[in-house]
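The primary structure of each chain is shown beneath.
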Amino acid sequence: MAERKIPNILNIVINRAPVLTLWAATVAERLGFARDEALSLGKAVAGLTAQSKGQRLGIYKAAPQDIKKARGVKRGEEFFVELAGKQVPAVNTEDGVRAVVKDKPITAESAERYLESKFAESLAPVREAMRELAKSFRPEELAQNAFQLYVKFRPTIPEDATGWGAKGRLDIDRIRSLAPKQ
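Note that this is a predicted model, so its numbers are computed, not measured.

Attention now goes to the pattern of salt bridges. Applying the stated criterion across every chain yields a total of eight salt bridges. Here Arg-35 ties to Glu-112 by a salt bridge, and the two come within 3.4 Å at their closest N and O atoms. Of this pair, Arg-35 sits in helix H2 (residues 35-51) while Glu-112 is found in helix H4 (residues 108-119), placing the two residues 77 residues apart along the sequence. Here the salt bridges share partners, and the residues they tie into one network are Arg-35, Glu-112 and Arg-127.

This paragraph deals with the packing of aromatic side chains. One pass over the full model with this rule turns up three aromatic pairs. On the basis of an interplanar angle of 85° and a centroid distance of 5.3 Å, the ring pair of Trp-23 and Phe-153 is categorised as edge-to-face. Of this pair, Trp-23 sits in helix H1 (residues 16-30) while Phe-153 sits in helix H6 (residues 139-153), and the two are 130 residues apart along the sequence. You can call Trp-23 buried: its relative accessible area is 0%. A relative accessible area of 2% means that Phe-153 is categorised as buried. Between the aromatic rings of Tyr-150 and Phe-153, the centroid separation amounts to 5.9 Å while the plane-to-plane angle is 85°, which identifies the pairing as edge-to-face. Within this pair, Tyr-150 and its partner Phe-153 are both found in helix H6, separated by three residues, close to a single helical turn. Judged by relative accessible area, Tyr-150 falls into the buried class, the value being 4%.

The next point concerns the sheet that holds strand E3 (residues 86-93). Within the open sheet, the four strands sit side by side as E2-E3-E4-E5. Their pairing is antiparallel. Edge positions in the open sheet fall to strand E2 (79-83) and strand E5 (104-105), since each of these has one partner strand only. The pairing of strand E4 (residues 96-101) with E5 spans two bridges and is classified as antiparallel. Within E5, the position partnered with Val-101 by the bridge is Lys-104.

Moving on, we get to unusual backbone geometry. Across residues other than glycine, the phi torsion is negative in most instances, and most of the peptide bonds are trans. One non-glycine residue, Ala-84, lies in positive phi territory at about 50°. The topology assignment puts Ala-84 in the loop between E2 and E3. Positive phi outside glycine occurs at Asp-103, with the angle close to 65°. One can find Asp-103 in the loop between E4 and E5.

Okay, H1 next. Taking 1.5 Å per residue, 15 residues should reach 21 Å; H1 reaches 21 Å between its end C-alpha atoms and fits that length. For H1, the buried fraction is high: 11 of the 15 residues fall into the buried class. Here H1 has its buried residues at Pro-18, Val-19, Leu-20, Thr-21, Leu-22, Trp-23, Ala-24, Ala-25, Thr-26, Val-27 and Ala-28. For H1, the side-chain oxygen to backbone nitrogen distance between the N-cap and Ala-17 is 3.2 Å, and the N-cap itself is Asn-15. Looking one or two residues beyond H1, the residue adopting positive phi is Gly-32, at roughly 115°.

This part covers helix H5 (residues 123-135). Spacing of three or four residues puts side chains on the same side of an α-helix, whose turn is 3.6 residues. A rise of 1.5 Å per residue sets the reference length of H5, with its 13 residues, at 18 Å; its end C-alpha atoms lie 18 Å apart and thus fit the reference within 8%. Every buried residue belonging to H5 is among Leu-123, Pro-125, Val-126, Arg-127, Ala-129, Met-130, Leu-133 and Ala-134, and all of these are buried.

A cluster of acidic residues, Asp-36, Glu-94, Asp-95 and Glu-109, forms a negative patch at the surface. By the element assignment, Asp-36 lies in helix H2. Classification of Asp-36 by relative accessible area gives partly exposed; the value is 36%.

The rules behind these values
- Residues numbered from 1 in each chain as written.
- Predicted model: local features only at pLDDT ≥ 70, side-chain atom pairs only at ≥ 80, totals over all residues.
- Heavy atoms only, no water.
- Salt bridge = Lys/Arg side-chain N within 4 Å of Asp/Glu carboxyl O.
- Helix = DSSP H or I, 4+ residues; strand = E, 2+ residues; numbered from the N terminus.
- Phe/Tyr/Trp six-rings, centres within 6.5 Å; stacked < 30°, edge-to-face > 60°.
- Buried < 20%, exposed > 50% of the residue type's maximum accessible area, 1.4 Å probe, protein only.
- Pairing = 2+ DSSP bridges.
- Expected span 1.5 Å × (residues − 1).
- Polar contact = N/O pair within 3.5 Å; in protein donor to acceptor, adjacent residues only side chain to side chain.
- Patch = residues over 30% accessible without salt bridge, like charges linked within 9 Å, V, L, I, M, F, W, Y side chains within 5 Å.
- Areas by Shrake-Rupley, 256 points an atom, 1.4 Å probe, with all protein chains shown as cover.
- Lys, Arg positive; Asp, Glu negative; His and termini not counted.
- Charge placed at Lys NZ, Arg CZ, Asp CG, Glu CD.

Here you go:
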C-alpha cells in the first residue's frame, strides 16, 4: 500500500504573493462572489499589490463591493471591485465576474494552478484556516479589515533575505489565532 504523504503544515515556507492570492480569494468568497470569481479577483489583488510594492502597508480602507451592482454591469463592460484595499478592474463574462489584466480576464483555472504549484500539499489546510478566519467576521468587517489581517499573518521574511519574492514561514496557527474569540 502506498504511503500517504501528510503535509507539514507547521513548516510552510512560501513567498507572500500566493498567500495574498489565496487570502483575497477567500475574502471575496465570504463577500458573496462565487469561487471561480473569487479566484480571479484574488490573483489580481496579488498582482496589483506587487505593482504598488513601495506603498506603505496597512493603510488601505476597504469597503464591501455590492455584489448585485457587480453582476448588473453589462457583459464586457469594465468596472472595479474593491478587495483587500485594491481597486481590481473586472468584467462580467459568460462565466461570471473576472478580474482583468491587460484587457484579458484572469481565469479561475490559472489562479488555482498557481496556488497548487506554490502551496503544494499545504493548500487545503491553509485554505481551510483562512476560511475559518474569514467566517469569524461579518462580511462588512472582513471587507474593512482584510488587508490588515493579511499583514498580521503573512509569511515572515528573514531580515537577511533580499529580492522580491523572498520566502518566509507561514504560521497556520497564527491565521487561526486572529479569529475573534466568541
